[in-house]
Every structure is written in C-alpha cells, then in structure tokens.
Amino acid sequence: MPTFITDPWPWYIAGPAIALVMFLLIFFGKTFGVSDNLRTMCTIMGAERYSKFFKLNWKNKIWNLVFTVGAVIGGFISVRFLSNNQEVALNSKTVSRLESMGFEAVGQSYAPSELFSTEVATSFLGILFLLFGGVLVGFGTRYAGGCTSGHAISGISNLQTSSLMAVVGFFLGGLIMVHLIFPSLLPFWNNI
Amino acid sequence: MKIYKLLKFFLTGILFGVILGKAEVISWYRIYEMFSFESFHMYGVIGSACTVGIVGVLIMKAFNVHGLNGKPISFKPKKFSVPRYLIGGTIFGLGWALTGACPGPLFILVGYGYFSIIIVIIGALLGTFLYGILRKRLPH
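A quick note: this is a predicted structure, and the numbers were derived from the prediction, not measured.

## A look at the overall build of chain B
Here is step 1: When you go through chain B residue by residue, the secondary structure sums to six helices and zero strands.
Here is step 2: Secondary structure elements in chain B, listed N-terminal to C-terminal, are α-α-α-α-α-α.
Here is step 3: Its C-alpha atoms give chain B principal-axis dimensions of roughly 40 × 40 × 35 Å.
Here is step 4: The burial tally for chain B puts 59% of its 140 residues in the buried class.
Here is step 5: Summed over all atoms, the accessible surface of chain B reaches about 6,000 Å², with 71% contributed by carbon and sulfur.

Printed below as a string of structure tokens:
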C-alpha cells in the first residue's frame, strides 16, 4: 500500500471528501445525518410505547442504518488494511498538558486507554463515565435536531441559520468541557 | 427497499468510515486538541467540508440538478429557534469533548476495535430516549 494511503490523510483531502459523501446522499434523495439513526434504533427497540416522538416508519430509515453499518466496516477497513499505526501527530503543547494530567502514551493510539480501555469499560465508575458521555451526545443531538454531520456539514452547506446556532452551541459545550469541567474530573480518573 | 438499492448507501457508509478514520477525525486527542485551539487540523477538515459543501449546494440549486429518483434535489430547512439549537448544541458539545466522538465516529470507532465505545453508544441511545420523553417540557 502506498504511503499516501497509509499515512494520516490531510485536512484538505478529508474535508472535500466528507462534502462528497454529503453530495452522494443528496443525489440519492437523502439527507446526511448520523444521529437520526439513534432515534430509529430507539423506535425499533419499542420506544414508541413511551413517547410519540418515536412513532415513525423506521422502514424509511433503513438506508441510514445501512449507511451506519457501512461506516463501521469502513473503520475496520481503514485500521486493518489502510493504516500502519494509529499514531496521531499532536501539538507538543497538547501532549505535555495531557501528560501533566497523568495520561500516558499520548497520541500513540486514537483514544487514550485511560478513558477507553477494557479495564475502564468493566469498572463501575468507568461504565458510568462512558454512559454519561453517551447520554450527553444522544440527548444533545436530538434536542438540537442534529449532530456534526447534520448541522455543521449539511446545515451550514445549505446556509441555515439554525445550524449555525447549533454549531455555536457545539463549540460552547466543547470549550466548557475541555477548559472547565475536564480538568476538575481528574481525581475521578484516578479512581477508575 | 430492495437490497440492491441499499448497496449504494452501504458503500457510501464505507467511504465515510474510511475518510473519518484515515483523517483522525475520530480520535479523542484530535477533538481535545481542537477545543484547546492547538491544531488547525479539525478546523481545516470541517471548514473545507463546509466550503466545498456550500459551493456544491449552490451549484446544485443553480443548475436545478435532479437526483437519482428523477426529482429535483430538495433541502428541508429546519424551523428557526434559539434555545433549542443553543441549549441542545451545548449539551452535545459537552459530550463530544468528553467522549471525543460525535455520532458518526462512535460507530466508526467500533470498527476500529474500540469496543468500550459500545457503552457510549448505549448511553447515546438512552440520551435519545430521555429526550423523547422529556421533549414537551423543554424549551424549543
């Protein structure tokens, strides 16, 4: 495999390629938006009984579930056949700050083992952290009516002010987490 | 929908997974670095996707491009509201920065072999369910 494939792809390849994915879905008569699948999955599991919000004909959404299964397979292909390693060339400032917080092997894989290892995923506090993070993602995207693909990419591409508002929220939340909440969560990590 | 009609969505999904995986967009570190303003990478990815997207959508509208189904391509703008997008967006942003993943990357990371992410996905399903139940009591 040539190195331009196995090396990490630069932003100017990735960005336009993501736009291409959106164009393909528009051309197929659909809208790009991954978080909608979470709602569909709730419907399939019977959430309709508890809220009308989940009353929808999920058969019209199968295309998006199939897209998502494709994304999982795409991830597998990417790591198994198109990459030599998962090293992330981070800013040295980012690396040293995370190291000062107690993170080890920063940037040696896509996600820190301090947060995502099997040990974390099998400990009580770890499961609580992973679930809580997921609840924020699921609740927030549905409240805002879309996630990064639906608002930041699709909505902005269509120049929708509501999507711009949502993206402002995404960044507000992200900044609050990284600068205010995350540092004070450190004692919590040490207990996992 | 017939199986062969679904194939194109499957292939597009694979493309999506490969792009986000290879560009490190699914990396927790990249998200942390982005919110620390210490790398241009993520801004470049999102910014160039939007720039190409805006130009492409304008062209599609200007030339009245038709989709595969023969109908003109359509866009359904969302109803404008401040609290809904700002509050909902902020809650999502908190989760995005904490888990380092938005919904697309959540699934791609499972393909990468990060199985603990399945617990985050279960959490995201719970969060979606919670929104469905509380929806009428929330400002929109």
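## Thoughts on the domain arrangement of chain A
Residues and elements named next belong to chain A.
Here is step 1: Once the domains are mapped, chain A shows domain 1 (1–86) and domain 2 (117–192).
Here is step 2: Each partner contributes to the roughly 730 Å² buried at the junction of domain 1 and domain 2, and carbon and sulfur atoms together form 67% of this total.
Here is step 3: If you sort the residues of domain 1 by the area they bury against domain 2, Met-22, Phe-32 and Ser-35 come out on top, with a joint share of 56%.
Here is step 4: The tally of links from domain 1 across to domain 2 stands at zero salt bridges.
Here is step 5: Where domain 1 touches domain 2, the interface holds three residue pairs in polar contact (both at pLDDT 80 or more).
Here is step 6: Of all the secondary-structure elements, those providing two or more residues to the side of domain 1 that touches domain 2 are helix 2 (11–27) and helix 3 (36–44).
Here is step 7: With three residues, the top contributor of residues to the side of domain 1 that touches domain 2 is helix 3.
Here is step 8: The residue makeup of the side of domain 1 that touches domain 2, split by class, is six nonpolar, two polar and two charged.

## Quick notes on the environment of Phe-129 of chain A
Here is step 1: You can see Phe-129 of chain A is positioned in helix 8 (residues 124–144).
Here is step 2: You can call Phe-129 of chain A buried: its relative accessible area is 4%.

About the thresholds
Residues numbered from 1 in each chain as written. Chains lettered and ligands numbered in written order. Predicted model: local features only at pLDDT ≥ 70, side-chain atom pairs only at ≥ 80, totals over all residues. Heavy atoms only, no water. Helix = DSSP H or I, 4+ residues; strand = E, 2+ residues; numbered from the N terminus. Buried < 20%, exposed > 50% of the residue type's maximum accessible area, 1.4 Å probe, protein only. Areas by Shrake-Rupley, 256 points an atom, 1.4 Å probe, with all protein chains shown as cover. Domains from an automatic or database assignment. Buried area = accessible area lost by both parts, 1.4 Å probe. Salt bridge = Lys/Arg side-chain N within 4 Å of Asp/Glu carboxyl O. Polar contact = N/O pair within 3.5 Å; in protein donor to acceptor, adjacent residues only side chain to side chain. Nonpolar A, V, L, I, M, F, W, Y, C, P; charged D, E, K, R; others polar.

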